[in-house]
Amino acid sequence: MSDRDRQFQHESLQDSRALAEYLKALIQGFESGTLRLRDPEGEIELEPRGLVSFEVRATQKRGRSKLHLRFSWKEDSPRVAGTLEIEGDDS
Amino acid sequence: MTKAVMMKVSDGLDENIRFLIYEVKKQVVRTRSFLQQPTEKLHDSVLSKDDYIDNLKSIIERKCFTLASQVEPGDQVTVDLLKAFDVITVNLERISDFCENIIDQTEHIVEKELMKEFSFGPYFEQVVFGLDHIERALFSRQVPTALKICRAEDTLDQLYGRSFHDIIRRLKTGEGENVEALITLLFIFRYLERMGDSLLNIGEAIISACMGERIKISRFTALEDSLDAADLQDAADVALRPVGETKSGCRISRVSERSSPDTEKNVIFKEGRLHKLDDERRSIERWHQLMPGVAPQIHSFHSQGDNGSILFEYLPGKTFEELTLQGGAEAASRGLRSICDTVTELWEKTRKEDPASPRFMKQLRSRLHDVYDLHPEFRKQASSIGDVDLKSFEELVHALADLDEELAAPFSVFIHGDFNVDNVILNNGAVHFIDLHRSKMADYVQDVSVFLVSNHRLQVFDAPVRRTIHRTIATFFEFSRGFAHRAGDSTFDARLALGLARSLATSGRFVLDPGFAKSMFLRSQYLLEQLARHKGKPEEFRLSPEVLFD
């Protein structure tokens, strides 16, 4: 990992209403072109521009549902290569 | 005992052990003679016999391991006996090693005349006395004889105390010109004293084999006194079966007569820290006044120093945990109905119009570091996604401090205090509570939240059992909310959310499985977020039992 490689991870249990809030924050990030993810170690600033590879995967197995959203793109400058993954889980 | 194993035990092992006892005794006698009159011959004899004893020990250990692998499942008597053989062998060999150590030490004493001023005789008499009783105690399974072996240790300790003070006095008063010799003599006495420790281990191993549970002499004495005070069986004639160990460190055993283990004369022996057991005794007395028949009868209470022991009535039946896991959905549902009836009666009968503030967040804060010790990965700092702030667990607990302080049940009732599924016993519709040292007048939501989480926490993931657990949770939740409604308790949901959050998070200190512990911790955090986000009055907060479903 280079000095600039960063990772942000958050895990929690939420109901649909709260999830909508988080998704809105992401939508806002896409719309404005900047999505900031911050934790005590620092901040990741993602700038999804141009063509973004987008993948949706949903599964339903043994009463457990999963929704997997994946966005990835190359930054113009070599500063950050962005990837945003969102996973939903329903059991 | 398995017949085949029994035969082999008597064919070979017992002979080996008798030999070992005999050889170790001879070592002890030779060492005594050597201290009286050191000779080259005795010196060599002790050292050469030590190898022979080592060898004998290896043979016995090998046989014990081979036999242990052939024991039929469930044959606890043979397993206990083999364990005793092993402990006895290790400790006999240790006594022989101490003999060798003593002989080695004498080489450092130039002034051999000094040795004559000290009396080693009483030590050796105790050690030989102990060794002489092993065979009978072990092979005739005699607890009183084993106790004599244990008591030799006490006498040896007292002898050592006297020798120690004598030597220190000589060192201080200048009689200690022979400092090296005096210190060497102290080592010799110390080895003799340690022979006593080995004898104690041997005696305890024999008592444990006879009683069916590992027992230390202090515990045996407490049991003896308790049975005596209650006018029950003689401690030497009973068998013990471990029932469990509480989180507060008390040990619980079921005591039955060795000759007829399944009689109704069974009692429960609980031993641990005095103040916990004293709390429990007092609380049980209150239970007897308030709800006769729910708590077990106390046959006797005994204290010694900081430790105490209680002899309880043995309550037949199944715990609610056993009923859920083994009894099937119907039995669990019937059991739950009985529990609901009992707590309704309890809550209605003991209700006092004093508000009770449970202070769940305060309880949570005081135990959180234990959870983090076991699961450091749970300690997370605050973060954010875009404009949405994600509060850390501690921030949430802190943010809810005011609410925690403000919320109170409008009345108090007498609560169990540790209302876990394994602290409720059901027997043909009768409900009994055990482990009652935390009972007090308080908010009933405390018991409700502990009971709900203890159901959720059962680590059985078999689908039908899990469905039974969910049904229990939903039913008990609705039942308690119904009671709250009738009783005019309007903040029940908000307090229960705090109570569940507390129990879910603090359960992590007892759950090693990181996945399961995390799942409970996230549920706790979810509940705290719900409360923190709630904008209306606490009375308007609504909780769904789904937070405890998988």
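All values reported here derive from a predicted model rather than from experimental measurement.

**Concerning the packing of aromatic side chains**
All names here are of chain B.
So, step 1. In total, this model carries 26 aromatic pairs over all chains according to the counting rule given.
So, step 2. Ring centres of Phe 461 and Phe 516 lie 5.6 Å apart, and the angle between their planes is 75°; on these two criteria the pair is classed as edge-to-face. A residue pair is termed long-range when its members are at least 10 positions apart, and Phe 461 in the loop between α15 (445-456) and α16 (463-487) and Phe 516 in helix α18 (residues 514-533) qualify at 55 residues.
So, step 3. For Phe 461, a relative accessible area of 51% translates into the label exposed.
So, step 4. When the ring centre of Tyr 52 is taken as origin, the NZ or CZ atom of Lys 49, which lies over that ring, is 5.0 Å away.

**Things to note about the packing of α15(B) against α16(B)**
Residues and elements named next belong to chain B.
So, step 1. Between α15 and α16, whose axes approach to 9 Å, the crossing angle comes to 170°. The pairing of α15 with α16 is recorded here as roughly antiparallel in orientation. Here Val 448, Phe 451, Leu 452, Asn 455 and His 456 of α15 lie close against α16, whose contacting residues are Arg 466, Ile 469, Thr 472, Ile 473, Phe 476, Phe 477 and Ser 480.

**Side note on the sheet that holds strand β11 (residues 430-433) of chain B**
Residues and elements named next belong to chain B.
So, step 1. An order of β6-β10-β11 is seen for the three strands of this open sheet, with the pairing classed as antiparallel. If you trace the sheet from one side to the other, it starts and ends with β6 (318-319) and β11, each paired once.
So, step 2. Looking at chain direction, β6 and strand β10 (residues 424-427) are connected through two bridges and run antiparallel. Note on β10: the bridge partner recorded for Lys 318 is Leu 426.
So, step 3. Along the sheet, helix α11 (residues 329-350) makes contact with β10 and β11, crossing β11 at roughly 65°.

**Remarks on the sheet that holds strand β2 (residues 42-46) of chain A**
So, step 1. With antiparallel pairing, the four strands of this open sheet are ordered in space as β2(A)-β1(A)-β7(B)-β8(B). Two strands close off the open sheet at either side, each with one partner strand: β2 of chain A together with β8 (388-390) of chain B. The mean angle between the axes of side-by-side strands here comes to 20°, regardless of whether they run parallel or antiparallel.
So, step 2. Of the pairings in the sheet, the one linking strand β1 (residues 35-39) of chain A to strand β7 (residues 383-385) of chain B comprises two bridges and is antiparallel in character. Looking across to β7(B), one finds that A:Leu37 is bridged to B:Ile385.
So, step 3. Of the strands in this sheet, β1 of chain A together with β7 and β8 of chain B touch helix α1 (residues 16-32) of chain A, which is tilted by about 130° from β8(B).

**Here we look at the pattern of salt bridges**
All names here are of chain B.
So, step 1. Summed over all chains, the structure comprises 34 salt bridges over all chains.
So, step 2. Of the charged contacts in the structure, one is a salt bridge between Arg 466 and Asp 550, with a shortest N-O distance of 2.6 Å. Placement of Arg 466 in helix α16 and of Asp 550 in the segment after α18 is noted, with a sequence separation of 84 residues between them.
So, step 3. Under the relative-accessibility criterion, Arg 466 is labelled buried at 7%.
So, step 4. Given the relative accessible area of 35%, Asp 550 is considered partly exposed.
So, step 5. Of the charged contacts, one joins Glu 529 and Arg 533 as a salt bridge, the two residues approaching to 4.0 Å between their closest N and O atoms. In this pair, Glu 529 and Arg 533 both sit in helix α18, four residues apart, roughly one turn of the helix.

**Some thoughts on unusual backbone geometry**
Residues and elements named next belong to chain A.
So, step 1. Non-glycine residue Arg 62 carries a positive phi angle of around 40°.
So, step 2. Secondary-structure assignment places Arg 62 in the loop between β3 (53-61) and β4 (64-73).
So, step 3. Look at Arg 62 and you get exposed, because its relative accessible area is 83%.

**A look at the nonpolar core**
Residue and element names in this part refer to chain B.
So, step 1. Core analysis: the largest hydrophobic core is formed by 83 residues, its most contacted members being Phe 433, Tyr 444 and Phe 476.
So, step 2. Lining this core are residues from two domains, each supplying at least three of them: domain 2 (220-313) and domain 3 (318-548).
So, step 3. Residues within four places of Tyr 444 in sequence aside, it is in contact with Trp 347, Phe 411, Val 413, Ile 415, Phe 483, Ala 484, Asp 489, Phe 492 and Arg 495.
So, step 4. Ranked by size, the runner-up nonpolar core spans 79 residues in total, among them Leu 67, Ile 167, Ile 188 and Ala 236.

**Thoughts on the environment of B:Glu353**
All names here are of chain B.
So, step 1. Mapped onto the fold, Glu 353 is located in the loop between α11 and α12 (360-374).
So, step 2. Sequence separation of Glu 353 and Lys 83 is 270 residues, and the distance between their C-alpha atoms is 58 Å.
So, step 3. Not counting residues up to four positions away in its chain, the partners in contact with Glu 353 are Pro 410 and Phe 411.
So, step 4. A distance of 2.8 Å separates a polar atom in the side chain of Glu 353 from a polar atom in the side chain of Arg 351.

**Quick look at the interface of chain B and chain A**
So, step 1. Opposite the 18 residues of chain B that make contact, chain A presents 21 residues.
So, step 2. A combined buried area of about 1700 Å² lies between chain B and chain A, and 56% of that area is made up of carbon and sulfur atoms.
So, step 3. In this assembly, chain B and chain A are joined by two salt bridges.
So, step 4. The partner of B:Lys518 in a salt bridge is A:Glu11, with the nearest N and O atoms 2.8 Å apart.
So, step 5. Mapped onto the side of chain B that touches chain A, the elements with two or more residues apiece are β7, β8 and α18 of chain B.

Rules used throughout
Sequence order as written defines residue numbering, which begins from 1 separately in each chain. As a convention, the first chain written is A and the first ligand written is 1, with the rest following in written order. pLDDT decides what is reported in this predicted model: residues at 70 or higher carry local features, side-chain atom pairs at 80 or more are listed and counted, and totals for whole chains, interfaces and linings draw on all residues regardless. Neither water nor hydrogens contribute to the side-chain values; these are computed over all heavy atoms in the structure. Aromatic pairs are defined between Phe, Tyr and Trp rings, using the six-membered ring for Trp, whenever the two ring centres lie within 6.5 Å; interplanar angles under 30 degrees are classed as stacked, those over 60 as edge-to-face, and all others as tilted. A run of DSSP states H or I qualifies as a helix once it reaches four residues; a run of E qualifies as a strand once it reaches two. Both are numbered from the N-terminal end. The buried label goes to any residue with under 20% of its type's maximum accessible area, the exposed label to any with over 50%, and the partly exposed label to all in between, with areas taken from a 1.4 Å probe on protein chains only. Two limits define a charge over a ring: the Lys NZ or Arg CZ must be within 6 Å of the ring centre, and within 35 degrees of the ring normal. Axes here mean lines fitted to C-alpha atoms, for a helix over just the part in contact, with angles spanning 0 to 180 degrees between N-to-C directions. The labels follow the angle: roughly parallel below 35 degrees, roughly antiparallel above 145, roughly perpendicular from 65 to 115, and oblique for the rest. Residue contacts are counted whenever heavy atoms from the two residues lie within 4.5 Å of one another. Paired strands are those between which DSSP finds at least two bridges. For salt bridges, the criterion is a side-chain nitrogen of Lys or Arg within 4 Å of an Asp or Glu carboxyl oxygen. Here, the term nonpolar core denotes a set of buried Ala, Val, Leu, Ile, Met, Phe, Trp, Tyr and Cys residues that are joined through side-chain atoms within 4.5 Å. For the domain bounds, the source is a domain assignment made automatically or taken from a database. Side-chain atoms alone can form a polar contact between residues adjacent in sequence; in general such a contact is a pair of N or O atoms within 3.5 Å, and within protein one must be able to donate a hydrogen while the other accepts it. Once two parts are put together, the accessible area they lose, assessed with a 1.4 Å probe and summed over both, is termed the buried area.

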